[in-house]
Amino acid sequence: MYLNCHTYYSLRFGTFSEIELLELASQYGCSSIALTDINNTSACLNFCRKAQEFNIKPVVGIDFRNGAAQKFVGIAKNNQGFYELNSLSASYNHNNVTVPNRAPELKNSVIIYPFETVLEENVTHFKSYEYIGVSVNELRKLPFTKYINFKDKLVIQQQVTLRNKKDFNAHRLLRAIDKNTLLSKLDKAEECNPTDIMWPLSELKQAYAQYPYIWENTKHLFEQCNIMFAFGENRVAQNQQTYLGSKKEDVKYLKQLCYNNLAKRYSNPSHKVKQRLKTELETIEAMDFVSYFLINYDIISYAKSKGYIHVGRGSGANSIVAYIIGITNVDPIELDLYFERFINPYRASPPDFDIDFSWKDREDITQYIFKRFNHVALLATYNTFKYRAVVRELGKVFGLPKEEIDRLAAEKQSTKPLDTMASLVVKYGKLIQGFPNYVSVHSCGILILQKPVHYYSATNMPPKGFPTVQFDMIIAEDAGIFKFDILGQRGLAKIKEALEIIKYNQPQALPIDINQIETFKKDPNINALLKNGRAIGAYYVESPAMRGLMQKLQTQDYLGLVAASSIIRPGVSSSGMKQEFIKRQRYPETRSQANPKLLEIMPETYGIMVYQEDVLKVANQFADLTLGEADVLRRGMSGKFRSRAEFNAVEQKFIANCKAKGYTQELTLTVWNQIKSFAGYAFAKGHSASYAVESYQSLFLKCYYPLEFMVAVLNNGGGFYSAEHYIHEAKMCGASIQPPCINTSQFENSIQHKTIYLGLGYLKSLEKIVIKRLLTERNFNGAYKSLDDLIDRVPISIEQLTILIRSNALRFTGQPKTELLWQAIFKCNANKANTPQAKLFKPQQKQFTLPTLKTTAIEEAYDQMELLGFPLCSYFQLINEKLQPHIKAKQLKQFNNKKVLLYGSLVNTRFHKTSQGKRIRFCTFIDQEGQYFDTVHFTKVVEKYPIHGLGVYACYGKVTADFDFYSLDITWSRKLQIIPDPRG
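Residues numbered from 1 in each chain as written. Predicted model: local features only at pLDDT ≥ 70, side-chain atom pairs only at ≥ 80, totals over all residues. Heavy atoms only, no water.

## What to know about helix 17 (residues 420–432)
Link 1 in the chain: Taking 1.5 Å of rise per residue, 13 residues should cover 18 Å, and helix 17 covers 18 Å from first to last C-alpha, within 8% of that figure.
Link 2 in the chain: Within helix 17 the residues assigned to the buried category are Ala 422, Val 425, Val 426, Tyr 428, Gly 429 and Ile 432.
Link 3 in the chain: Elements that come into contact with the buried residues of helix 17 comprise helix 5 (165–179), helix 15 (387–397) and helix 16 (402–410).
Link 4 in the chain: Just past helix 17, the residue Gly 434 takes up positive phi, approximately 95°. (Helix = DSSP H or I, 4+ residues; strand = E, 2+ residues; numbered from the N terminus. Expected span 1.5 Å × (residues − 1). Buried < 20%, exposed > 50% of the residue type's maximum accessible area, 1.4 Å probe, protein only. Contact = heavy atoms within 4.5 Å.)

Listed below in structure tokens is the structure:
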């Protein structure tokens, strides 16, 4: 009998979840309640899903408000009514308009106006679907108004927002956070009433005993409402059902695509290929996934027509159909990819295709999808209140000083006594922590549905301009709504731009087919980059951890890279299996130590679980779980299911089956713990293989066109390392690096033969409008001849001109920077307002005679550090100390187990926590010759000898070897002083 219930998805207003609302309703004897969150339907699908567990009939609607002011409540009589309400809410959200006082006519919904609003507006006419909602408190007023005679229009509207006094306090704090005000200054109009609680049903009926018709009207209204969605095992796929309008035509088209393209992938297809293709096509048709494949194919076809590069990954990369029609570039026959990971008879959801595009192309792909298909929306995600953020917000609400807020936020488990206010902040911070704060856009999920989007949810219109539903991927999958993952990444942008740069910098080069993956895999020069850890700039294989792993494994082939990209993940690594895998890879005689049964199941990975497929294989073949039960483990690892109960039940069966098969308890628990260690981290093998394909494309460019590739890396935001380090890498590849120049530089970096000109965009304080003017004028009227010529042709302030001069962007004049600076000051009146208007006539510039002024290399370096963020020279050229006797990185092998001194320029540093929670630090340096060495700073030295930013460090420690990869265990380290800034 409650028509106006809120959850905490009534953002910064409600105080408990939809599950807690159902628990409360069940406790108070309700057989049906209506969820009506404020201006959104985020919780509606899950509310419907969970209501059956409480034997409660779910009713859903929307509480339409402007801020905290309630205008009306819409209740859906059926699914069409839900569609109407969602569409209405979206019309307000998308157009950013206020909710009107009266609702439009809705054929399948009921509208309830609050009693107080009806009184204020003196409403006398109501349509058949409109009602007046009266709360328990408002019953006292009712007899003294004319509305006592509107007997057929009165219903119960006892709002439910709170459970108790604590909830009311939390509600007020949320409202203060929302209004960004002190709690003491919060307007009462922004709060709900302390009486907005749920009563036991018997007490509620007693409260309305004098007005039995109100009770009957409300009961009749509930009886009219029936909303139905199918979930879990009963769900029906809600994605677009056909591609060509007919399932029969779809099947025919998919088969045609496969057999027409088969020769492109397999010049002489084997029986195994043909049988796999036949099996997959039959399974895809039987499981009704044909349209899903064809829609993905459509998206890829559009991308190819535009010249966009893509990577298809996820479990869908296990499919030969996906490989043949071009969704992925991973050959499942070559890799023996486990078909059941991709599709099995127990899997109700479509295979997972994550399709990566260049970050520059992704928006166009998204635009295409919205234009191409009828019912499209972005998927949402919830941003929740995190502890530190909520403590900061509550600290402001209570008026605490900034210093105390900082302390409370930093000390989550504070042992210091807290005063009253601070205690309240911590107390309510823990209560509000985890509440939804706002609905955001999922990073990559797009929904392409059979029915209109508003059949399932209202939509928001974020700044990107694409309608976005108000629920997340977990409830979406429960309801049979499966996302298409369209991602943007910089790795593909680097490949695409590198190809463009090669065309203009090496016009004589032969055309490059970047999809010749099979050729790249077999190229010894490319594989040598992997083996020697020289893959800087290449997607996914450039980090210090991957660089070290490649050298430990001595990886020099595609399959080795596929395995490496998975074993570096925390699941394999934390279980100790990474080290075991390296040992068995490097020393074949140790493979016999593997359990024979596991070795039989996973011969390629030496009896070690590396991929998600391995968990399926082990669960099925080692512990005799069904494929359905094994898939529970797979879903548990990926975090895509709600309850641990299902996972725990499978755990018990796993252990029981192993015991029945005669395995020792030690072996059983060892294998099970390996499975558990994968949680949230394991890759599907096809996913790893897809990454490896992109890595090989990058490695090809790095191997044969290193300079052009490094320019593309720099122009696309780099990767794991800083721009400064990629510039160093370009130098190591033979490039000459030139600072920005107004006659040769573009906005971004460019290359001429072997000379890389840094872009004008690198100059931190140089305004974009100035760069635009400089380049436009140069493009139309030619290179600048002198400082006078620049001043005559481009309107520029003395401040912006000074940046250009100090960065040496006018070095073509042959004049020292200091001289140019004085000339600029004399020629430009810095106090006069500068006009963007170009001069009609060329003025006669005065000439000044200046004494000879010179700039030193050290001054140049300091200017570069200030204007670019880094010097173009090595930090070794700036140190102000004499180096002690030391060794170089290439000599580490000669001093294994000995203590040595190395000097290195810091490249990267990162912390890691031990199992005891203590910090250790890993660093990567380059020596004077530009060669890498790595250091480990264990707990004893990590705080004693801190690393303070970029520069040259003296590193003293013991050389250790881990599978022939040499590093330094630090005893002490010290940052060297640099020459003081001579500029004054």
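## Focus: the packing of aromatic side chains
Link 1 in the chain: For the coordinates displayed, the defined rule picks out 40 aromatic pairs.
Link 2 in the chain: Judged by centre distance (6.1 Å) and plane angle (65°), the rings of Tyr 558 and Tyr 696 are edge-to-face. Placement of Tyr 558 in helix 23 (residues 558–567) and of Tyr 696 in helix 31 (residues 685–704) is noted, with a sequence separation of 138 residues between them.
Link 3 in the chain: Using a relative accessible area of 3% as the deciding quantity, one classes Tyr 558 as buried. (Phe/Tyr/Trp six-rings, centres within 6.5 Å; stacked < 30°, edge-to-face > 60°.)

## Examining empty space enclosed by the protein
Link 1 in the chain: The tally for this structure, following the rule as stated, stands at three cavities of 30 Å³ or more.
Link 2 in the chain: If you go around the largest cavity, the residues you meet are His 310, Val 311, Gly 312, Thr 328, Asn 329, Val 330, Ser 690, Val 693 and Gln 697.
Link 3 in the chain: Only strand 8 (310–313) and helix 31 provide two or more residues apiece to the lining of the largest cavity.
Link 4 in the chain: Considered class by class, the residues forming the lining of the largest cavity number three nonpolar, six polar and no charged. (1 Å grid on protein atoms, 1.4 Å probe; cavity = no way out; pocket = protein on both sides within 12 Å on 5 of 7 lines; lining within 4 Å. Points joined across faces, edges and corners; volume = space filled by probe spheres on them. Nonpolar A, V, L, I, M, F, W, Y, C, P; charged D, E, K, R; others polar.)

## Here's the deal with the sheet that holds strand 18 (residues 899–913)
Sheets are built from strands that pair by backbone hydrogen bonding, the pairs being arranged parallel or antiparallel.
Link 1 in the chain: Reading around the circumference, 18-19-20-22-21 is the order of the five strands in this closed barrel, with mixed pairing throughout. Within this sheet the neighbouring strands show an average axis-to-axis angle of 50°, counted without direction.
Link 2 in the chain: Where strand 20 (residues 932–937) and strand 22 (residues 965–975) come together, two bridges link them in parallel fashion. Bridged to Thr 935 within strand 22 is Leu 968.
Link 3 in the chain: Lying over the sheet, helix 22 (residues 544–553) contacts strand 18, strand 19 (919–926), strand 20, strand 21 (952–962) and strand 22, oriented at roughly 140° with respect to strand 22. (Pairing = 2+ DSSP bridges. Axes fitted to C-alpha atoms, helices over the stretch in contact; angles between N-to-C directions.)

## Remarks on the pairing of strand 18
Link 1 in the chain: Pairing between strand 18 and strand 21: seven bridges, direction antiparallel. Looking at the pairing, Val 900 lines up with Gly 957 of strand 21.
Link 2 in the chain: Bridge count between strand 18 and strand 19: eight bridges; the pairing is antiparallel. Counterpart to Arg 910 in the pairing with strand 19 is Phe 922.

## A short note on the sheet that holds strand 5 (residues 109–114)
Link 1 in the chain: Taken in spatial order, the seven strands line up as 1-2-3-4-5-6-7 in an open sheet, and their pairing is mixed. The sheet terminates laterally at strand 1 (2–5) and strand 7 (154–156), the two strands that pair on one side only. On average, each strand axis in the sheet is inclined to that of its neighbour by 35°, with strand direction left out of account.
Link 2 in the chain: Pairing between strand 3 (residues 57–66) and strand 4 (residues 69–76): six bridges, direction antiparallel.

## As for the pattern of salt bridges
Link 1 in the chain: By the definition in use, this model includes 47 salt bridges.
Link 2 in the chain: Across the pair Arg 276 and Glu 280 runs a salt bridge whose closest N-O atoms are separated by 2.9 Å. Placement of the pair is Arg 276 and Glu 280 together in helix 9 (residues 271–286), with a separation of four residues, close to one helical turn. Judged on exposure class, the residue Arg 276 and its partner Glu 280 are both buried.
Link 3 in the chain: Taking the shortest distance from any N to any O, the salt bridge between Asp 863 and Arg 806 comes out at 3.0 Å. Of this pair, Asp 863 sits in helix 38 (residues 857–867) while Arg 806 sits in helix 36 (residues 798–806), and the two are 57 residues apart along the sequence.
Link 4 in the chain: The exposure class assigned to Asp 863 is buried, which follows from its relative accessible area of 7%.
Link 5 in the chain: Looking at Arg 806, the relative accessible area reads 18%, which means it is buried.
Link 6 in the chain: The structure contains a network of salt bridges with shared partners spanning Arg 806, Lys 817, Glu 860, Asp 863, Glu 866, Asp 981 and Arg 983. (Salt bridge = Lys/Arg side-chain N within 4 Å of Asp/Glu carboxyl O.)

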